[in-house]
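The chain contents come next:
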2 protein chains.
Amino acid sequence: MKIYFAGSIRGGRADAALYLEIIEFLKTFGEVLTEHIGDPNLTSAGKDGITDRFIHDRDLEWLLSADVLIAEVTTTSMGVGYEIGRAVADGKKVLCLFRPETEKIPSAMISGCADLRFVNYETVAELKNIITRFLAENFDL
Amino acid sequence: MKIYFAGSIRGGRADAALYLEIIEFLKTFGEVLTEHIGDPNLTSAGKDGITDRFIHDRDLEWLLSADVLIAEVTTTSMGVGYEIGRAVADGKKVLCLFRPETEKIPSAMISGCADLRFVNYETVAELKNIITRFLAENFDL
């Protein structure tokens, strides 16, 4: 299984350690195409010498080749929103995970979209259970 | 011409007055489907008694019926990112406007997308010129 994991880069790296933990967990199910999202050295500057055009085209190709998009959507991110829009339009399975511990309210365009699964979670253990159940429902594990 | 204007709601309302000014300007070209984005009474809580499902489905229907998407992308917003993704996937004309006055860097998924026009601006006068030229290039005004 090819998994596209989406998390905030330029929107803010507050959850970078969490993304890394999710990615390590996802690797037990298949290939994670976007391992760099969890890289602690990747800052919100988000540049590593490549152009935005290269980043977009590479990430979109990964996204469209993936079997599933799993997005951590607590940190607001334009890029993650864009990826969810492209994945839903392409008919992909999409799971969005939101931690309602802050005052933030998730976007209605994400939480109100019937073509994806939107789930609140509080702990990492809960998050792992949600991912496992979602993948088991949608794929032969 | 049907124009879908996108700006941040739950991502933050710092630019709400600017959105209103853009919408008033866009109304000189055609029908703006999303006039509520500029409403000063609309807060980042973003609720007005309707469900997220209703908001998503209404806005998506407007978006897919529009001739053009014009998005102000300075304030990071998951919903605006999603709308840009859906519009690009649908082959719509998309103009994204970014004010690089802050330390923020626009998402590479937006600024690096070849299927939309991404433009930096500094003043409202400049922004109006960019919109006018974009619409003139793409539509019979």
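Everything below is about the structure shown above.
All of the points below concern the structure found in this document. (Residues numbered from 1 in each chain as written. Chains lettered and ligands numbered in written order. Predicted model: local features only at pLDDT ≥ 70, side-chain atom pairs only at ≥ 80, totals over all residues. Heavy atoms only, no water.)

1. Considerations on the nonpolar core
Across soluble globular proteins, nonpolar side chains show a tendency to be buried alongside one another. For the record, the criterion: Residues enter a nonpolar core if they are buried and are Ala, Val, Leu, Ile, Met, Phe, Trp, Tyr or Cys, with the set joined through side-chain atoms within 4.5 Å. Buried means the residue's accessible area, taken with a 1.4 Å probe over protein chains only, is under 20% of the maximum for its type, while exposed means over 50%, and partly exposed covers the values in between. The secondary structure listing takes helices from DSSP runs of H or I that are at least 4 residues long and strands from runs of E that are at least 2 residues long, numbered from the N terminus. Should any heavy atoms of two residues lie within 4.5 Å, those residues are counted as being in contact.
Membership of the largest hydrophobic core comes to 24 residues, with the highest contact counts inside it found for Phe-5, Leu-26, Ile-70, Leu-95, Leu-97 and Ile-131 of chain B. The set of elements that each furnish at least two residues to this core consists of β1 (2–6), α1 (16–26), β3 (68–72), β4 (93–98) and α5 (124–138) of chain B. In terms of residue count, the dominant contributor to this core is α1 of chain B (six residues). In this structure Ile-70 of chain B touches Ile-3, Tyr-4, Phe-5, Ala-6, Leu-26, Leu-95, Leu-97, Ile-131 and Leu-135 of chain B, once residues within four positions along its chain are discounted. In this structure, Tyr-19, Ile-70, Tyr-121 and Leu-135 of chain A belong to the second largest nonpolar core, which totals 23 residues.

2. Considerations on the relation of the copies chain B and chain A
Inclusion rule: The least-squares superposition of copies is restricted to C-alpha atoms, and to residues with a pLDDT of at least 70 in both copies.
With an RMSD of 0.0 Å, the operation that places chain B on chain A is a rotation of 180° combined with a shift of 0.0 Å along the axis. Taken together, the rotation and translation relating the two chain copies correspond to the operation of a two-fold axis. A share of 100% of the interface residues of chain B reappears at the interface of chain A, consistent with the copies meeting face to face through the same patch.

3. Description of α1 of chain B
Among all positions of α1 of chain B, only Ala-16, Leu-18, Tyr-19, Ile-22, Ile-23, Phe-25 and Leu-26 of chain B are buried. Tucked inside the fold, the buried residues of α1 of chain B contact β1, β2 (31–32), β3 and α5 of chain B.

Keep in mind that these numbers describe shape and distance, not what the molecule does.
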